Amino acid sequence: QAQLVESGGGLVQAGGSLRLSCAASGLTFSSYVMGWFRQAPGKEREFVAAASRSGGYTLYADSVKGRFTISRDNAKNTLYLQLNSLKPEDTAVYYCAASKVAKVVVTRPSEFGSWGQGTQVTVSS
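Residues numbered from 1 in each chain as written. Predicted model: local features only at pLDDT ≥ 70, side-chain atom pairs only at ≥ 80, totals over all residues. Heavy atoms only, no water.

Enquirer: Requested: an account of the environment of Lys76, with residues and values cited.
Expert: Structurally, Lys76 can be placed in the loop between strand S7 (68–73) and strand S8 (78–83). The exposed category is assigned to Lys76, whose relative accessible area is 57%. C-alpha separation for the pair Lys76 and Phe29, spaced 47 residues apart in sequence, amounts to 9.0 Å. (Helix = DSSP H or I, 4+ residues; strand = E, 2+ residues; numbered from the N terminus. Buried < 20%, exposed > 50% of the residue type's maximum accessible area, 1.4 Å probe, protein only.)

Dropping the structure here:
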């Protein structure tokens with residue numbers, strides 16, 4: 001059974017940085033498109049970033065482009081999200097997800113079959 005475990009969240013001041021990690025097990029990590037999503041209180045879960053199976057192709061939501069960087073280490077079965085220049089509106093629970101959909105990269109929550117439990121990111125003003 002696939003298991004995704006996020007870590008690295010926390011409380012940070014606006015303008016600060018965090019690095020999230022997602023450790024994957026129970027799946028052939030390099031066979032999955034990986035993504036990050038986030039959900040703020042009272043809001044729907046939204047796409048943040050995704051990486052192709054090799055990590056060579058990435059896609060970002062406009063709201064994080066230029067500030068966040070997604071990467072993956074297939075040898076370590078780990079997905080990362082570097083969060084820089086954080087803003088209070090980035091406050092949310094961040095989830096990693098895995099997709100076997102036959103596309104280079106996917107962005108819809110419905111296209112991801114496995115999810116982690118989430119890690120809280122709180123940005124204070």
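Enquirer: Please provide a residue-by-residue account of the pattern of salt bridges, values included.
Expert: Under the defined criterion, the tally for this structure stands at 5 salt bridges. With a closest N to O distance of 2.6 Å, Arg38 and Glu46 form a salt bridge. Arg38 sits in the buried class, given a relative accessible area of 6%. Its salt-bridge partner being Arg67, residue Asp90 comes within 2.7 Å of it at the nearest N-O pair. Of this pair, Asp90 sits in the loop between S8 and strand S9 (92–99) while Arg67 is found in the loop between strand S6 (58–60) and S7, placing the two residues 23 residues apart along the sequence. Note on Arg67: relative accessible area 11%, which makes it buried. (Salt bridge = Lys/Arg side-chain N within 4 Å of Asp/Glu carboxyl O.)

Enquirer: Any chance you could break down unusual backbone geometry for me, citing the residues and the numbers?
Expert: Residues apart from glycine generally show negative phi values, whereas peptide bonds are mostly found in trans. For Asn77, which is not a glycine, the phi torsion comes out positive at approximately 55°. Tracing the sequence through the fold places Asn77 in the loop between S7 and S8. For Ser85, which is not a glycine, the phi torsion comes out positive at approximately 50°. When you line up the elements, Ser85 lands in the loop between S8 and S9.

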